[in-house]
Number of protein chains: 2
Amino acid sequence: MENSWATFGRDLHLDLTGPGGLRAALLRALRDAVRSGRLAPGTRLPSSRSLAADLGIARNTVADAYTELVAEGWLSARQGSGTRVAERLLPRAAPAARRAPGPGPGPAGRADRPRFALTPGTPDVSAFPRTAWLAAARRALTAAPSEAFGYHTSYGRPELRTVLADYLARARGVRADPDRIVICAGFLQGLALLSRVLGTGRLAVESYGLDFHRAVITRAGLRTVPLPVDERGARTGELTALDDVRGALLTPAHQFPTGVPLHPDRRAAAINWARATGGFILEDDYDGEFRYDRKPVGALQGLDPDHVVYLGTASKSLAPALRLAWMVLPERLVDPVLALKGTGEWQSGALDQLTLAEFLSSGAYDRHLRGMRLRYRRRRDQLVAALADHAPQVQVSGIAAGLHAVLELPPGTEQAVLQAARRQGLALEGLSRFRDPAAPPAARDALVVAYGTPPDHSFAGAVDALLRALPPGE
Amino acid sequence: MENSWATFGRDLHLDLTGPGGLRAALLRALRDAVRSGRLAPGTRLPSSRSLAADLGIARNTVADAYTELVAEGWLSARQGSGTRVAERLLPRAAPAARRAPGPGPGPAGRADRPRFALTPGTPDVSAFPRTAWLAAARRALTAAPSEAFGYHTSYGRPELRTVLADYLARARGVRADPDRIVICAGFLQGLALLSRVLGTGRLAVESYGLDFHRAVITRAGLRTVPLPVDERGARTGELTALDDVRGALLTPAHQFPTGVPLHPDRRAAAINWARATGGFILEDDYDGEFRYDRKPVGALQGLDPDHVVYLGTASKSLAPALRLAWMVLPERLVDPVLALKGTGEWQSGALDQLTLAEFLSSGAYDRHLRGMRLRYRRRRDQLVAALADHAPQVQVSGIAAGLHAVLELPPGTEQAVLQAARRQGLALEGLSRFRDPAAPPAARDALVVAYGTPPDHSFAGAVDALLRALPPGE
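Source: prediction; values computed, not measured.

Student: Can you walk me through the overall build of chain A in this structure?
Tutor: Each helix and strand counted, chain A has 14 helices and 17 strands in total. Residues counted as buried form 58% of the 474 residues belonging to chain A. The contacts in chain A between residues at least 6 apart in sequence include a share of 74% that link residues at least 24 apart. When the accessible surface of chain A is summed, it comes to about 18300 Å², and 53% of that surface belongs to carbon and sulfur atoms.

Student: Would you mind showing me how to read the relation of the copies chain A and chain B here?
Tutor: Taken together, a rotation about one axis and a shift along it account for how the two chain copies relate. Note on the copies: chain A fits chain B at an RMSD of 0.1 Å, the axial shift is 0.0 Å, and the rotation between them is 180°. The relationship between the two copies is best expressed as a two-fold rotation axis. The residues that chain A uses at the interface reappear at the interface of chain B in 100% of cases, marking a shared surface.

Student: Would you mind showing me how to read the packing of aromatic side chains here?
Tutor: Aromatic ring pairs are defined here through the distance separating the ring centres and the angle between the ring planes. If you walk through the whole model with that rule in mind, you get 17 aromatic pairs over all chains. Between A:Y167 and A:Y365, the aromatic rings sit 5.2 Å apart at their centres with planes inclined by 85°, giving edge-to-face as the arrangement. Of the two residues, A:Y167 sits in helix α6 (residues 158-172) while A:Y365 sits in helix α12 (residues 364-390), which places them 198 residues apart along the sequence. Both residues of the pair, A:Y167 and A:Y365, belong to the buried class. For the pair A:W346 and B:W346, a centre-to-centre distance of 5.1 Å together with 35° between the ring planes defines the contact as tilted. Taken as a pair, A:W346 in the loop between α10 (331-341) and α11 (350-361) and B:W346 in the loop between α10 (331-341) and α11 (350-361) lie in two separate chains rather than in one. A relative accessible area of 3% places A:W346 in the buried class. Every member of this aromatic cluster is reached through a ring pair, and the members are A:F128, A:W133, A:Y167, A:F359, A:Y365 and B:F149. It is A:R379 that lies over the ring of A:F459; its NZ or CZ is 4.5 Å from the centre.

Student: Please clarify how the side chain of A:R435 should be interpreted in this entry.
Tutor: Checked against the element boundaries, A:R435 lands in the loop between β16 (429-430) and β17 (446-450). Polar contacts involving the side chain of A:R435 include one to the side chain of A:Y208, which spans 3.1 Å.

Student: Looking at this model, I keep getting lost on the packing of helix α7 (residues 187-198) of chain A against helix α8 (residues 211-219) of chain A. Mind explaining?
Tutor: Packed helix pairs are specified by the crossing angle of their axes together with the interaxial distance, meaning the distance between the axes. All names here are of chain A. The N-to-C vectors of α7 and α8 enclose an angle of 35°; their axes lie 8 Å apart at closest approach. Between α7 and α8 lies a crossing of right-handed hand. Contacts between α7 and α8 involve F187, L188, L191, A192 and S195 on the former and, on the latter, F212, H213, V216 and I217.

Student: When you look at the interface of chain A and chain B in this model, what are you seeing that I'm missing?
Tutor: Accessible area lost when the parts come together is the quantity often used to give the size of an interface. With 66 residues of chain A at the contact, the number on the chain B side is 67 residues. Of the roughly 5600 Å² buried at the junction of chain A and chain B (both faces included), carbon and sulfur atoms supply 58%. Our count for the contact surface shared by chain A and chain B stands at 4 salt bridges. Close ionic contact of A:E331 with B:R23 constitutes a salt bridge, the shortest N to O distance being 3.3 Å. Mapped onto the side of chain A that touches chain B, the elements with two or more residues apiece are α2 (21-35), α4 (59-72), α5 (130-143), α7, α8, α10 and α11 of chain A. The element best represented in the side of chain A that touches chain B is α5(A), accounting for 8 residues. Here the residues of the side of chain A that touches chain B sort into 31 nonpolar, 17 polar and 18 charged.

Conventions used here
Residues numbered from 1 in each chain as written. Chains lettered and ligands numbered in written order. Predicted model: local features only at pLDDT ≥ 70, side-chain atom pairs only at ≥ 80, totals over all residues. Heavy atoms only, no water. Helix = DSSP H or I, 4+ residues; strand = E, 2+ residues; numbered from the N terminus. Buried < 20%, exposed > 50% of the residue type's maximum accessible area, 1.4 Å probe, protein only. Contact = heavy atoms within 4.5 Å. Areas by Shrake-Rupley, 256 points an atom, 1.4 Å probe, with all protein chains shown as cover. Least-squares fit on C-alpha atoms with pLDDT ≥ 70 in both. Phe/Tyr/Trp six-rings, centres within 6.5 Å; stacked < 30°, edge-to-face > 60°. Lys NZ or Arg CZ within 6 Å of the ring centre and 35° of its normal. Polar contact = N/O pair within 3.5 Å; in protein donor to acceptor, adjacent residues only side chain to side chain. Axes fitted to C-alpha atoms, helices over the stretch in contact; angles between N-to-C directions. Left-handed = near helix turned anticlockwise from the far one by under 90°. Buried area = accessible area lost by both parts, 1.4 Å probe. Salt bridge = Lys/Arg side-chain N within 4 Å of Asp/Glu carboxyl O. Nonpolar A, V, L, I, M, F, W, Y, C, P; charged D, E, K, R; others polar.

Given below as structure tokens:
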């Protein structure tokens, strides 16, 4: 297999000439092959050793190129399954006018290049409130004292921490004191810091979740142990049976990706475990502001601020590009986190922090969220209605919340549906991709369909492609 | 001594009541004591053990508070010399109208609270080009493709890397390819990443430099070894005599803090050493854009881009608050740095990156630098003229560049001048503060006087206070 791929690799004409050395050339060649569809999503790449031998270059150069392309989202690496072309293509701009060759919008290109994507991870970034953000930036920068442009500490700007404390109390029931809020450059930075502060031992993670979350945790020196997830969320009652667990990473408002909220009994069990053991619950509230059927359940942190770390982010509510997130910490974690965060290595820019503070306190954030809730809700309603009309055999599970829906499939059909979707030019992800490989096998076939991402003009087309890929009804 | 201070600590009435627990209360109390001048700059604090015993609280609480206050710049910790109230008070805003008690601007408060600061580290942040920056932000955000608001890689935005490659070639003689530029959140993040990539062994540092640079290096797992600095800069010829050295951190354009450029022979010796050993020169070009007597000497990196890492920053040219810096890397360091930087933990916000790219390409950066050069040069001329008129016995050494000047003092007078400055309400730093404690003792008394920081209305007063603190002439 590997050898035949390596030959295939040669057939791909990976052109390693051009500026910037071998590494840059290999990166370019692989990106081009993925972009053009010559390497289809899901294709397994040869080992770095094998491709290096085939191309006559150093193995490290290939391994490094794979690492970079995984980081960039072109490839994905899963333990035991090697390196593959990513299923989940982050939506990219199509600056057709700037790039000379290649088809523009309109007539579709090759069938194996996705025309549509319903893959989760990104909000609708086309809806970023540019005008309102710039207006807030103008007010914030005009009013800022000179010292705001100087050095600051890793705590985060006090203006933002103060406004967030009010906002989180009001919107999410978080019991927050500005002195216990630390700003970080995204959820992952917070998770990395907390993992390092917890030190050695194990961190329980939900059996369905994100592989790069688990990677950050293990890179920090902790091991992960899967906690089973069912229709009531994570089975937190099982925490007491686990040894050497320092904390548990949970998504209580809307389990990612299965889409259920944590049952009240499970919430209580999590808190009880933390109190009994001195452990910490890390509450990943990634989309808690997006619930469409009722007022969202308050954050778990409100039950016990001394045992729950609340983690919120602007990545889903505004834009991932801001790299702004916040932790509300139990008192005894504040100093260790600040000490680790240091004085300049892990800091976020102050101007965006000031702008976000102004955006929040002026009410622009609430207005933006109201608009986005309507938009996402309409998208979800469209999807659910289309499924009811054309694929009644497919059940939508989970609550009306967030940026994705879970579509339950007949047993054993998930891979076939994903392949059919690929043939329809639709990038899509199955539930099994999110399953922790360390968890016992589960016979559950489903799709994780993100409705937030496609631009308005292509959403209907994406849903049509999805419908064509679903298994036929009775 | 410690006991008497501890008693003094009680006399300070450190009030540990109020919201947020003991840690927060102690932080507040110590900040208040420094801010109000009850704890004068340079005062040695008791050990955490001693203060904890005196206050009847846990030692860790005190130790953690010290760590945080060092991080915030209120205190400084030097090996062998304990924890002291920082000499170098970062300029703070004086929101007199918001803070109820305490004297406003005008009649000076107590003599032991600095009224003026000529301490290095920060540019004139009052000159941040708010209007031009906001205009660039508006253009950049309006023109940005939607994907710019989504997730991005740790490489940094391509728009910024492309513009920087041109700018650095033109302004600093850097041989830069956008693919070899990595954006980082300040010089310290770059230094931390590079130190970790270099792995184990030693990094040579200039015998005069910044303690927190050395701290970042050792925290990454390297040891530092001092390289003597004289009137021709770092004695790079001595690198070959040192064992187990992976690289050398140098300030070739303008040695910090002694103010001399690296002599051409020393530049050649550094490159020769790197070529012979496979080591790396880390070129800290913190203020290379500010030279007043001639066109600045090009970056050392231009001599050998395969052995020199160029590190530049917006912290001195624009504002530390941006947390934007850049590394131009030898080809073989690009992948290791990117792999370590990861996919979300060490990233900088994209909006400021896009804005800086627009700020550079529109010419606003050049215009800003021209204005700042004039401003700093005028400040420097004022200082030099005042010294020539009123303290001709004090020689200004170093070149006409950057944001600080070195004033040579008669042997043995440095500490006395610093004390006299304190009595004049002037925060000032001596050269000895920057000396690597691991370097052999040197009998050199001097002041490091930063002329960039004080607001215009107080610069003349600061210079007057300095003149009064200097030793009398013959």
